Amino acid sequence: MRLRNITGSREVIAESPYVVQEAVQPRCPGTWKEIFGNQNPVQIEIGMGKGKFIHTMAKEHPEINYVGIEKYSSVLLRAIQKMEQEELPNLKFLRMDAEDIAKVFGPGEVDKIYLNFSDPWPKDRHAKRRLPSREFLARYDVILKKSGRLEFKTDNRELFDFAVEELEPAGWKAEIITYDLHNDASLMEGNVMTEYEEKFSAMGNPICKYVIYR
Ligand code: SAM
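Residues numbered from 1 in each chain as written. Predicted model: local features only at pLDDT ≥ 70, side-chain atom pairs only at ≥ 80, totals over all residues. Heavy atoms only, no water.

Residue pairs three or four apart in sequence face the same way in an α-helix, which turns once every 3.6 residues. Residues of helix H8 (residues 195-202) that are buried: Glu197, Phe200 and Ser201. The arc that holds every buried residue of H8, seen down its axis, measures 100°, which confines them to one face. For H8, the secondary structure elements touched by its buried residues are strand E5 (144-154). Its side-chain oxygen at 3.3 Å from the backbone nitrogen of tyrosine 196, threonine 194 defines the N-terminal cap of H8. Phi turns positive, to about 95°, at glycine 204, one or two residues after H8. (Buried < 20%, exposed > 50% of the residue type's maximum accessible area, 1.4 Å probe, protein only. Helix = DSSP H or I, 4+ residues; strand = E, 2+ residues; numbered from the N terminus. Arc of directions from axis to C-beta. Contact = heavy atoms within 4.5 Å. Polar contact = N/O pair within 3.5 Å; in protein donor to acceptor, adjacent residues only side chain to side chain.)

As structure tokens, then:
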């Protein structure tokens, strides 16, 4: 998702209390419990877009701390506006490229990672940029606690097949794989729809999902 550049979005982000600022990010590893002021588990969404999923999750699970990560200021701005309408103490945002994720979370500091409708980067030469690639799985391996899980949803079958093929070489295993999430009643229990999930399932696209561990 890339919105038109919105004038002033960088300034809004720089002053937002909901955003952990870039100047502070190098000091973040190992301090997320302090940042939230409690001992609750930390779950993150990488590439959250406008934040519908993570905002809903944070509202439904006040006993969990959530961090939404987004690369583009113009998109993050929408998530900030949602927080201004409905403030939640257990949700923070980071504006950053997920390539640097291990500079912001310490080893094993994250309890769960969500990837939702990640950009497909269809050209082979861009495979390393795909968020479920083995290169990214190696970064997640550092920050995710040993018993942690990573959940990925997409309607893009090619990206999903690629993601499944990456698991073995990266040392991860699938706990759950479905190619039609919305027709699986047990997996749909507690499912929170993302913005893209609403859009693409309304068009009739089946939604793929895996839950992985190592
Ligand atoms: N997760 C949302 C959903 O399901 O509705 C948004 C999906 S959108 C297709 C993907 C989002 O991931 C975009 O907003 C994009 O800017 C962000 N993104 C892509 N690569 C990223 C990266 N390396 N680091 C941080 N965000 C990234």
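Next comes the rest of the account.
Turning to the side chain of glutamate 151, a few remarks are in order. By the element assignment, glutamate 151 lies in strand E5. With relative accessibility at 14%, the residue glutamate 151 sits in the buried group. A distance of 3.0 Å separates polar atoms of two side chains, one belonging to glutamate 151 and the other to lysine 209.

As a further point, take the sheet that holds strand E6 (residues 173-178). Pairing within the open sheet is mixed, and its seven strands lie in the order E3-E2-E1-E4-E5-E7-E6. The strands lining the two open edges of the sheet, one partner per strand, are strand E3 (91-95) and E6. Each adjacent strand pair in this sheet contributes to an overall mean axis angle of 15°, direction not counted. Contacting E5, E6 and strand E7 (208-213), helix H6 (residues 157-170) runs over the sheet at an angle of about 15° to E7. (Pairing = 2+ DSSP bridges. Axes fitted to C-alpha atoms, helices over the stretch in contact; angles between N-to-C directions.)

Within the fold, serine 201 resides in helix H8. For serine 201, the side chain forms a polar contact with the main-chain oxygen of glutamate 197, separated by 2.6 Å. Once residues within four sequence positions are removed from consideration, serine 201 is found in contact with His182, Met193 and Ile207.

We now examine a positive patch on the surface. A contiguous patch of positive charge, built from Lys71, Lys123, Arg125 and Arg129, is present on the exposed surface. With respect to the helices and strands, lysine 71 occurs in the loop between strand E2 (65-70) and helix H4 (73-85). (Patch = residues over 30% accessible without salt bridge, like charges linked within 9 Å, V, L, I, M, F, W, Y side chains within 5 Å. Areas by Shrake-Rupley, 256 points an atom, 1.4 Å probe, with all protein chains shown as cover. Salt bridge = Lys/Arg side-chain N within 4 Å of Asp/Glu carboxyl O. Lys, Arg positive; Asp, Glu negative; His and termini not counted. Charge placed at Lys NZ, Arg CZ, Asp CG, Glu CD.)

All right, on to the pattern of salt bridges then. Counted by the stated rule, this structure contains 14 salt bridges. Note that aspartate 111 and lysine 145 form a salt bridge whose closest N and O atoms lie 2.8 Å from each other. One end of the pair, aspartate 111, is in strand E4 (residues 110-116); the other, lysine 145, is in strand E5, with 34 residues separating them in the sequence. With relative accessibility at 17%, the residue aspartate 111 sits in the buried group. Overall, the relative accessible area of 33% leaves lysine 145 in the partly exposed class. Taking the shortest distance from any N to any O, the salt bridge between glutamate 166 and arginine 134 comes out at 2.8 Å. Taken as a pair, glutamate 166 in helix H6 and arginine 134 in helix H5 (residues 134-143) lie far apart in primary sequence, 32 residues in all. Salt bridges linked by common partners bring Lys112, Glu151 and Lys209 together as one network.

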